[in-house]
Each structure stands twice: as C-alpha cells, then as structure tokens.
Amino acid sequence: MAWYLILGLLVAIFLWLSIKRRPQFALGVVIPLAFLFPVWVMLPLFAPREGTVVGSGVDLRVGIGAAALLLYCCFPKKATFPISLVPCDIAMIGLVIVHIASDLINQGPSWEIPAHLFGEWWIPYVGGRVAFQFRREVSSYWKVLTAVAIGLALLAIWEAFTNSSLLEMLFGDRPTEGVERIHTRWGIRRAYGTCLNPIYMGVLQLVLLGWTADAFLRVLRNRAPVAWVAAPVLSVIGIICTGSRGPLVGLVIAAIGMLFSLRPKWRVPILAFAGVSIVLLILNRNSVLEALESLAGENRASRSSVIVINENKEQFTSARSRFLLVELYSIAMKRSGLLGYGTEAVTGFPVRVPLGPQEVETMKRIRFVDNTYILMTLRFGYSGVFFFTAALVAAALQFIYVCTRMPTESPGILAGCLAGSMLGIIPVLFTVWMPPDYGFPLMWTCGVSSGLLLALNSGNLQEKKVAK
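A brief report on the enclosed structure follows. On a predicted model such as this, the values are computed, not experimentally measured, just so you know.

Re unusual backbone geometry
- Of note in the backbone geometry, N163 takes a positive phi value of approximately 60 degrees without being a glycine.
- In this structure N163 comes out as partly exposed when scored by relative accessible area, which is 45%.
- A positive phi is found at N222, a non-glycine position, where the angle reads about 60 degrees.
- Secondary-structure assignment places N222 in the loop between α10 (209-220) and α11 (231-240).

And the structure:
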C-alpha cells in the first residue's frame, strides 16, 4: 500500500510541475525525491534469491522513473529529446548491448532481460539526461538535491545517535541481506538509512556530495542564504555515521577532485600528488591495511584469522578481503570472456561461477563480491566492465569539461562539484558491489553529465541576455 501511495504522490507532483513549468524540471525533481524512500518499499514481482532481495521487485525509484518518462512523452509541445551523442552515451549504449547479448546467450530469451535493463540502466540514465537541458531548470535543482542530501544525512545522524531507524518505524523492518540488523562501529550504530547496508548509505551520500558542496559555494558567492553553508558539513557527518571506511576514503578523494575541477591551475600539482600518493600506498600496502583494520576496530584476534584460497593460506580481515577477491575469483574472471556469465549467475550470494577448488569455510567467510568491477567482469565479461568503467570515467570528464568551459558560472561550478563526487566514487567501487540502493542515483548522475554537456553544446546553458 505504501508503494502505491508514495508513487501516486510523486506522479501528482510530476504532473503539477510539468503543467506549471516544464516536464524537464518535473523529471529533475521527482526522481531525486524518490531517493529519500527505502529501497525495500517495492512492488514485488519475483521470489527473492538467496541472500538478497535485489531484483525481486520494482522500488520507488524505478517506479517513478518509468512513470515520469512515460508521462513526459504526453507533453509534446514542451518535451524535447536531445538525440546527439556524447562519450558517456556511447559507453552506455555499449553496456546495454553487452547486457542484452550476455543474458541472451547465458539465460536464453526472457522478458526479465529488458525489465532488468530498463530498471538498472535506461531509466536512471535517460531520466538524468533529459532533465538537464536548460539553464533555468539546472539553476533551480540545487535546492531540491541539496535538501534530499541533507534529508539523507539527518536520517543517518538520527539512526546513529538514537539507535533507532525512522524509516523502519514507518515502513517496516528492512531485509537483513545476510548482515546484522544492528551493527555498531566507533561507539555508534552504523546507519542504514534508506539502504540495505551501511556502506551503500555511505556511497549514496557520496553520490550527492557534489550538490551540498555546490550549495556551500553558492553561499560564498552570495547566491544562497547563509544557512546552506551547513549542507556539506551535514553530508560529511552523515557519511561518518554509516561507519564505512570506503566512503570516507572516497570523501577525501572527492574533495581533491573538486579542487582539480574547479581550479585548473592546480591540476598538474594535484595529478603529481595523486601519482606519488598511489605509489606510496602500493609500497606501504600492509601498513595501510593495518591502519584500516584499526579504524574498523578489528582486534588482533580477527587479524590473525586465516582462510585458504587456491590452497594458499591468507590472513583474513574485512579490509583484506577486498584484496583477496581478485585471487579468489581469478579463475572465473579469466574464463568470463567477452560476455561473462550473465545476470542470473551473479544474482544472490555466493555467486554461481566456476571458482576452482575452494575451502567451504572460505566461501562462508567471503560470500559477497565487494568489488563492482570484479562483479561486472563476472556478469558481463571484459567488454561489460570496459563499457561500465568507460561510462563512469566519461561522466567525470564531461563534468570537468563543462566546468572548464564555464568556470565562473553556476552550471559550471555545479559540474565541477559533481565531477569531484564522481572521481571519489570510481575508486570506492573497488570496495563494494553496486546495488540499486546507490546504483540508480549513480547512473542518474551519469545521465546528468551528458545532459549538461549537450545543453552546453547547444547553447542552452548560457545565460540569456534580455535586449533593452
């Protein structure tokens, strides 16, 4: 019942905004509003797979995205459809083609293939791409997106310090997804928020960090009330409240990425700093891992735990398990070929791919493929991970290009902030797989990058001067 009521409300908002302003603006408002609702509020379609409810129904993001895009076509006098292609478009088209080919070959024809394809890639990407076509709309979105980011941060803060979830009170208990219902770290309850795992909640807030940073810069330029200066502070606290190390590392990278985008003169020094940092991290890998283990409170006993991979004994902790995934799935990745094993094989954990001889205890300890790039390789093969990575990199570069072309104007500054978020997320995906909890907003943001670039190329981002 909650799913229908919320979807109906969002549809009503879409229609009202479309009539009052433009359907492009309505798209750019209602889809982000859906980020505030739990992913477990869904219209069930299939029986959940073992270890996950992902893919078992239509959540509110996909529901309102599909409804809004269909209704968008009902405004022929206002609706516009940019057909020119930019780099991220080409990468996404390649990913969609690989998705279809891989699932057809591995699973055979099924109506589930286009359903998954539309919900995972097409709806969020096109929704973001179409919404960001005109400067008037682009300049109006910041309040909505910043408010959404603040709302998510406040949910995380409340959950961490009150030891209770407002969303679970309203919408029922979230599915456990194979992890504890309540998990603590750093003396606080790790916040799940709208998501099924704290790290997903951390990455979701990282996706939206660029919007709160843009609000902060608007205050500095006297383009927003001073109260908005608290927005990025709340975002940072919200990420900390998830107790997740990956998003915290991504937070630092995102801040550096924003400086890289917004300050062209600093780009060479930042690149040099990044290169040196990467080399030092590689040379001091064990020290970094020990620091991450200490940060998570993994005691000496847990650090002395041992598992067996390919007949070799390996030290096991939560941090080290991310590195052990490469060795664990090396055989499967080598055999994945150009198209991988298909969606069905990697739905639910543990995944059903050829691993070679492994200890049963090892598979119990490392059930989840906490690396988006490894999971994408297993699912869609080498071509799939190539197009997926290319789409993320292209989105970041498109944001940077728009920022470089409009360094002192609001759309350009927003693009620079969003570029920083994207640059922060790309390495974080090495530490977590990509569920719809944050995957939908991430693909929507990729669509935003293409919309902004198309608007720039068509002249729709430039401020229109009124003749006297």
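A look at the environment of G57
- As for its position among the elements, G57 is in strand β2 (residues 57-59).
- Given a relative accessible area of 22%, G57 falls into the partly exposed group.
- Between the alpha carbons of G57 and V39 there is a distance of 10.0 Å; along the sequence they are 18 residues apart.
- Once you skip the residues sitting within four places of it in the chain, G57 turns out to touch M42, L43, P44 and L45.

Some words on the pattern of salt bridges
- Inspection of the entire model under this criterion finds nine salt bridges.
- Here R129 ties to D89 by a salt bridge, and the two come within 2.9 Å at their closest N and O atoms. Pair noted here: R129 is in helix α5 (residues 112-131) and D89 is in helix α4 (residues 87-107), with a separation of 40 residues, a long-range link. Side by side, R129 and D89 carry an identical accessibility label, which is buried.
- Here the salt bridges share partners, and the residues they tie into one network are R21, R22 and E137.

Quick look at the packing of aromatic side chains
- One pass over the full model with this rule turns up 17 aromatic pairs.
- Ring centres 6.4 Å apart and planes at 75 degrees place the aromatic pair F35 and F440 in the edge-to-face group. Pair noted here: F35 is in the loop between α2 (23-33) and β1 (42-44) and F440 is in helix α21 (residues 436-458), with a separation of 405 residues, a long-range link.
- With relative accessibility at 0%, the residue F35 sits in the buried group.
- One aromatic cluster in this structure is built from F25, F35, F132, Y141, W211, F440 and W444.

Overview of helix α9 (residues 198-207)
- For α9, the buried fraction is high: 10 of the 10 residues fall into the buried class.
- Of the residues making up α9, those classed as buried are P198, I199, Y200, M201, G202, V203, L204, Q205, L206 and V207.
- A distance of 3.1 Å separates the backbone nitrogen of I199 from a side-chain oxygen at the start of α9, and that oxygen is part of N197.

Notes on the environment of P247
- Along the chain, the position of P247 falls in helix α12 (residues 245-262).
- P247 sits in the buried class, given a relative accessible area of 0%.
- Along the backbone, P247 and P427 are 180 residues apart, and their C-alpha atoms lie at a distance of 9.7 Å.
- Residues within four places of P247 in sequence aside, it is in contact with I199, G202, V203, L206, I239 and V428.

Let's talk about the side chain of Q398
- Within the secondary structure layout, Q398 lies in helix α19 (residues 372-405).
- A residue is classified by how much of its surface remains accessible, and Q398, at 3% relative accessible area, is buried.

A few points about the side chain of E168
- Examined against the element boundaries, E168 turns out to sit in helix α8 (residues 166-171).
- A polar side-chain atom of E168 sits 3.4 Å from the main-chain amide nitrogen of R174.

Overview of the packing of α9 against α11
- The geometry of α9 relative to α11 is characterised by a closest axis approach of 8 Å and an angle of 160 degrees between their N-to-C directions. One way to sum up the angle between α9 and α11 is to call them roughly antiparallel. Every pair of crossing elements has a handedness; the one defined by α9 and α11 is left-handed. Together, G202, Q205 and L206 of α9 and S235, G238 and I239 of α11 make up the contact between the two elements.
- For the contact of α9 with α11, the residue count by class is two nonpolar, four polar and no charged.

Thresholds, definitions, all that
Residues numbered from 1 in each chain as written. Predicted model: local features only at pLDDT ≥ 70, side-chain atom pairs only at ≥ 80, totals over all residues. Heavy atoms only, no water. Buried < 20%, exposed > 50% of the residue type's maximum accessible area, 1.4 Å probe, protein only. Helix = DSSP H or I, 4+ residues; strand = E, 2+ residues; numbered from the N terminus. Contact = heavy atoms within 4.5 Å. Salt bridge = Lys/Arg side-chain N within 4 Å of Asp/Glu carboxyl O. Phe/Tyr/Trp six-rings, centres within 6.5 Å; stacked < 30°, edge-to-face > 60°. Polar contact = N/O pair within 3.5 Å; in protein donor to acceptor, adjacent residues only side chain to side chain. Axes fitted to C-alpha atoms, helices over the stretch in contact; angles between N-to-C directions. Parallel < 35°, antiparallel > 145°, perpendicular 65-115°, else oblique. Left-handed = near helix turned anticlockwise from the far one by under 90°. Nonpolar A, V, L, I, M, F, W, Y, C, P; charged D, E, K, R; others polar.

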